[in-house]
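Residues per chain are reported as follows:
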Amino acid sequence: MYAVYASRPGTFRGLKNRASIIKKTSKPEVKQETWGNKSEYILSLIGFAVGIGNIWRFPYLAQKYGGGAFLFAYIVMVIVEGLPLFCLELAIGNHFKKSSSGSMRAIHKGVIGVGWCTITVCFLCSLYYNSIIMWIIRYLFESFVSPLPWATCNSNQTCCLEDKTQYYWYYEHLKVTNDIRDLGEFNPTLVVCLTIAWITIFICIARGIASSGKVVYFSATAPYVVLGILLIRGATLPGARDGIAYFLYPDPKRLIDLEVWSAAASQIFYSLGIGFGAIISFASFTKNCDNVIRDSIIITVVNCSTSILGGFVIFSILGYRKTVTGAAFSEMKNGPGLAFVVIAEAVANMHLSPLWAVLFYSMLLLLGVDSLFGLLESMLHQLREELTFLRRIKKHGVNAIVCLVMFTMALPTAMDGGLYVVELMDNWAVTVPLLCAALGEIVAVMWVYGIHRFVREIRERTGHTIGWYWQVCWMALSPLVLLVMLGASLYNFLSKMSYDRFVGCEDSVSTDGSWVVSTKLPTPGVLLALFLLIVPVSMIFLGFIYGYFFDKRPEGGEEEMVDETKLSSIPPRPSATHTNNTTNLPSHQQAEQQPPQPYQYSALTTTPADAPYYTPSNAPYYTPPQSFAPSTSTTPLYPTAASQYNNELNSFVKTPGKSTAI
């Protein structure tokens with residue numbers, strides 16, 4: 001018994017040049033998942049791309065880097081970096097119909113390490129990202145209490161009287177320690193919230209995109225309803241006009257500051273989720289050859305519009321906060337500090353504050369869950385392709401095991417010093433590895449696979465031409481921006497090597513009222529940071545060594561496995577010199593003496609079960625029929641494909657005990 005492994009499913013070129021006959025193995029076939037419809041695909045992409053960072057990072061960067069000046073730099077970087085790279089990842093997944101690792105192997109086994117890098121980054125990012133969701137769940141539960149817990153003081157401590165929201169965030173919610181080397185004890189409330197977070201995620205992804213594709217109908221659309229409500233409410237608050245004016249007012253001098261352009265490039269890169277492999281996986285689940293240019297424009301426009309809309313919501317609330325408390329816009333914090341301190345303080349001063357708190361933290365929860373869907377699906381999709389033994393286990397079983405392992409590994413973030421763990425992983429485990437993965441994808445497609453070949457095959461498959469703008473960005477502009485970002489990130493991290501240490505209100509020396517100070521990382525922290533940085537990046541080089549020297553599988557993977565016994569049952573093409581001289585024989589003997597006829601293909605029939613390599617959807621090797629009526633003639637409707645198919649089968653010779661290439 002033998003099996004045929006085809007590197008390019010459905011193509012005669014892949015069958016002839018790359019397929020080989022090897023002994024049958026026990027590895028089961030991979031059944032490719034597909035989206036239920038186009039809406040699930042688009043909503044899943046929107047849900048993944050639009051995340052928490054659109055709400056709590058973009059407004060902070062706009063405030064820090066000159067308002068309108070940052071918006072201008074942001075739009076330019078969307079054009080030269082964000083949109084082209086998003087389109088490239090969609091094209092990779094749509095063309096190869098595999099995960100990031102599988103697509104890289106289809107290009108060349110030496111670049112499979114790029115996919116391994118994305119697996120590692122998704123794993124590390126999911127660990128701390130769900131810990132942020134843990135904090136959101138805790139605040140969401142507390143929002144149903146009136147008055148809000150962070151709006152009152154339960155003690156007469158000076159710190160609480162000075163700043164209620166910061167006191168609640170650091171002392172009541174986190175119970176944070178004063179040093180990264182002291183993680184303290186487990187916080188029971190946070191452990192419960194972390195458990196709820198992982199159970200929720202597992203329920204949503206239990207059956208892969210079959211379940212998450214249905215969840216996004218609510219989780220990807222509801223945040224926009226909440227954003228609209230909050231925008232209307234924020235616009236009616238006193239001081240909202242001042243906040244929005246501060247958000248939009250440009251500082252022309254900042255346009256010549258390279259730091260502004262670097263921040264804009266970083267924001268659009270991470271906001272769209274480039275480099276995680278999730279975009280490639282989502283695109284690989286499509287049934288048809290989609291217009292990747294149109295889809296990438298839609299998702300990018302929605303993502304950027306959400307960031308700007310979130311900026312209006314946040315700055316209208318900050319304008320109200322300034323009117324009520326007198327806090328300056330320059331005291332605005334980044335990340336968790338914005339959501340759990342600044343906005344929490346402003347919401348606490350509103351009428352019906354529990355209602356607005358529930359809406360705000362519900363919106364953050366939905367945004368975070370959607371993004372986590374993409375991270376986990378990218379990782380699980382690649383694991384199922386790379387670790388073939390997982391194919392013997394039901395999908396929900398594999399997903400349950402992965403979620404349980406990740407929950408266990410994320411438990412340190414639920415300790416008193418968990419804030420330091422999240423900060424360390426956010427700074428070191430994602431930024432540089434993602435840039436390296438994106439650069440690896442560009443090198444693999446543009447130079448290893450060949451840009452002209454890639455563009456030609458996309459045109460043949462979809463009928464859509466990739467214009468000069470996309471090719472120039474892929475070949476020159478986007479890689480240049482990524483290299484500059486990579487150099488700047490490495491310089492900043494290696495030169496500073498610091499973290500934000502909590503010191504409390506008594507020892508705070510910050511001018512913006514923050515109770516943390518930037519402190520140099522101790523030696524254990526430096527070693528852990530370097531470990532988080534080096535491990536994902538090293539996967540690229542380890543993958544090259546393994547794929548180039550040790551991986552014996554054909555390029556393109558080993559998913560399509562066709563039993564050789566089926567090939568022996570396919571009748572050969574009739575000989576041109578064969579003559580029919582059976583007219584005097586009985587009818588049943590005439591039928592036995594008749595030569596086998598070539599296969600009859602019609603537009604309303606599907607591929608025969610014993611013709612495993614003929615796929616009418618493969619455009620380069622498919623001659624469209626002239627009519628969609630059933631064929632009644634003896635002449636095949638697809639002469640080019642059928643003739644080539646029969647010729648290649650006739651050339652097949654099996655030598656016992658020896659692998660024979662077709």
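Below or above, wherever it landed, is the structure these notes cover. (Residues numbered from 1 in each chain as written. Predicted model: local features only at pLDDT ≥ 70, side-chain atom pairs only at ≥ 80, totals over all residues. Heavy atoms only, no water.)

This part is about the packing of helix 12 (residues 222–235) against helix 18 (residues 353–386). With their axes 9 Å apart at the nearest point, helix 12 and helix 18 run at an angle of 145 degrees to one another. Crossing of helix 12 over helix 18 shows left-handed handedness. Of helix 18, the residues touching helix 12 (which contributes A222, P223, V226, L227, I229, L230 and R233) are W356, L359, F360, M363, L366 and L367. Classifying every residue of the contact of helix 12 with helix 18 by side-chain character gives twelve nonpolar, no polar and one charged. (Axes fitted to C-alpha atoms, helices over the stretch in contact; angles between N-to-C directions. Helix = DSSP H or I, 4+ residues; strand = E, 2+ residues; numbered from the N terminus. Left-handed = near helix turned anticlockwise from the far one by under 90°. Contact = heavy atoms within 4.5 Å. Nonpolar A, V, L, I, M, F, W, Y, C, P; charged D, E, K, R; others polar.)

Here we come to the packing of aromatic side chains. Applying the stated criterion across every chain yields a total of 43 aromatic pairs. With 5.9 Å between their ring centres and 55 degrees between their planes, W150 and Y168 make a pair best called tilted. Taken together, the residues W150 in the loop between helix 7 (112–142) and helix 8 (158–162) and Y168 in helix 9 (residues 164–174) connect sequence positions 18 residues apart. Owing to a relative accessible area of 7%, Y168 belongs among the buried residues under this scheme. (Phe/Tyr/Trp six-rings, centres within 6.5 Å; stacked < 30°, edge-to-face > 60°. Buried < 20%, exposed > 50% of the residue type's maximum accessible area, 1.4 Å probe, protein only.)

Attention shifts here to the pattern of salt bridges. In total, this model carries eleven salt bridges according to the counting rule given. Close ionic contact of D295 with R294 constitutes a salt bridge, the shortest N to O distance being 3.4 Å. Linked by salt bridges that have partners in common, K38, R294 and D295 make up one network. (Salt bridge = Lys/Arg side-chain N within 4 Å of Asp/Glu carboxyl O.)

With that out of the way, let us pick up the environment of V448. In this fold, V448 is placed in helix 21 (residues 431–462). Along the chain, V448 and V111 lie 337 residues apart, while their C-alpha atoms are 8.8 Å from each other. Ignoring sequence-local partners within four residues, the contact set of V448 consists of I107, H108, V111 and V443.

Under the defined criterion, the tally for this structure stands at seven cavities of 30 Å³ or more. When its volume is computed, the largest cavity comes out at roughly 60 Å³. The wall of the largest cavity is formed by W35, S44, G47, F48, I205, S212, V216, F282, D370, F373, G374 and E377. At the level of secondary structure, the elements contributing two or more residues to the lining of the largest cavity comprise helix 2 (38–49), helix 11 (209–219) and helix 18. The greatest single-element share of the lining of the largest cavity, amounting to four residues, is contributed by helix 18. Split into classes, the residues belonging to the lining of the largest cavity amount to six nonpolar, four polar and two charged. (1 Å grid on protein atoms, 1.4 Å probe; cavity = no way out; pocket = protein on both sides within 12 Å on 5 of 7 lines; lining within 4 Å. Points joined across faces, edges and corners; volume = space filled by probe spheres on them.)

A few words now on the environment of V292. By the element assignment, V292 lies in helix 16 (residues 292–325). Its relative accessible area of 6% is what places V292 among the buried residues. As for V292 and N94, which are separated by 198 residues in sequence, their C-alpha atoms are 7.8 Å apart. Discounting chain neighbours no more than four positions away, the residues touching V292 are C87, L90, A91 and N94.

The next point concerns a nonpolar patch on the surface. A cluster of nonpolar side chains, L542, F544, I545, Y546, Y548, F549 and F550, forms an exposed patch at the surface whose accessible area comes to about 730 Å². Summarising the element assignment, L542 is placed in helix 23 (residues 523–550). (Patch = residues over 30% accessible without salt bridge, like charges linked within 9 Å, V, L, I, M, F, W, Y side chains within 5 Å. Areas by Shrake-Rupley, 256 points an atom, 1.4 Å probe, with all protein chains shown as cover.)

On to the nonpolar core, then. F70, W135, F360, Y361 and F454 are the most contacted members of the largest nonpolar core, which has 190 residues in total. It is helix 7 that provides the largest number of residues to this core, a total of 20 residues. Dropping the residues within four chain positions of it, W135 is found in contact with W169, H173, L174, L190, P336, F340, L419 and V422. (Core = buried A, V, L, I, M, F, W, Y, C linked by side-chain atoms within 4.5 Å.)

Among the secondary structure elements, S271 is positioned in helix 14 (residues 258–271). The exposure class assigned to S271 is buried, which follows from its relative accessible area of 8%. Remark: the alpha-carbon pair of S271 and I52, spanning 219 residues in sequence, is separated by 8.9 Å. With sequence-adjacent residues up to four places away left out, S271 is seen in contact with A49, N54, N303 and S307. At 2.9 Å, the side chain of S271 forms a polar contact with the side chain of N303. (Polar contact = N/O pair within 3.5 Å; in protein donor to acceptor, adjacent residues only side chain to side chain.)

With an omega of -5 degrees, the peptide bond running from S146 to P147 counts as cis. Summarising the element assignment, P147 is placed in the loop between helix 7 and helix 8. Positive phi, close to 60 degrees, is recorded for L352, a residue that is not glycine. Relative to the assigned elements, L352 resides in the loop between helix 17 (336–348) and helix 18.

Below, the discussion takes up helix 12. Owing to its 3.6 residues per turn, the α-helix aligns residues three or four sequence positions apart on the same side. The terminal C-alpha atoms of helix 12, which comprises 14 residues, lie 20 Å apart, in line with the 20 Å expected from a rise of 1.5 Å per residue. Burial in helix 12 covers these residues: A222, P223, V226, L227, L230 and G234. Projection of helix 12 onto a plane perpendicular to its axis shows the buried side chains occupying an angular sector of 130 degrees, all on one side. Across helix 12 from its buried face, at more than 90 degrees, point the exposed residues V225, I232 and A235. (Expected span 1.5 Å × (residues − 1). Arc of directions from axis to C-beta.)

Bringing helix 21 into the picture now. An ideal rise of 1.5 Å per residue puts 46 Å on 32 residues; helix 21 reaches only 34 Å between its terminal C-alpha atoms. Where helix 21 bends most, at G450, the angle is about 100 degrees. Extensive coverage of helix 21 is indicated by the burial of 23 of its 32 residues. Directly beyond the C-terminal end of helix 21, a positive phi value near 85 degrees is found at G463. (Bend = angle between axes of the 7 residues up to and from the residue.)

Moving on, we get to the side chain of D416. Looking at the element boundaries, D416 is found in the loop between helix 19 (395–409) and helix 20 (418–428). Within the buried set, D416 has no salt-bridge partner at all; the shortest N-O distance to an opposite charge, 6.4 Å, is to K175. (Lys, Arg positive; Asp, Glu negative; His and termini not counted.)

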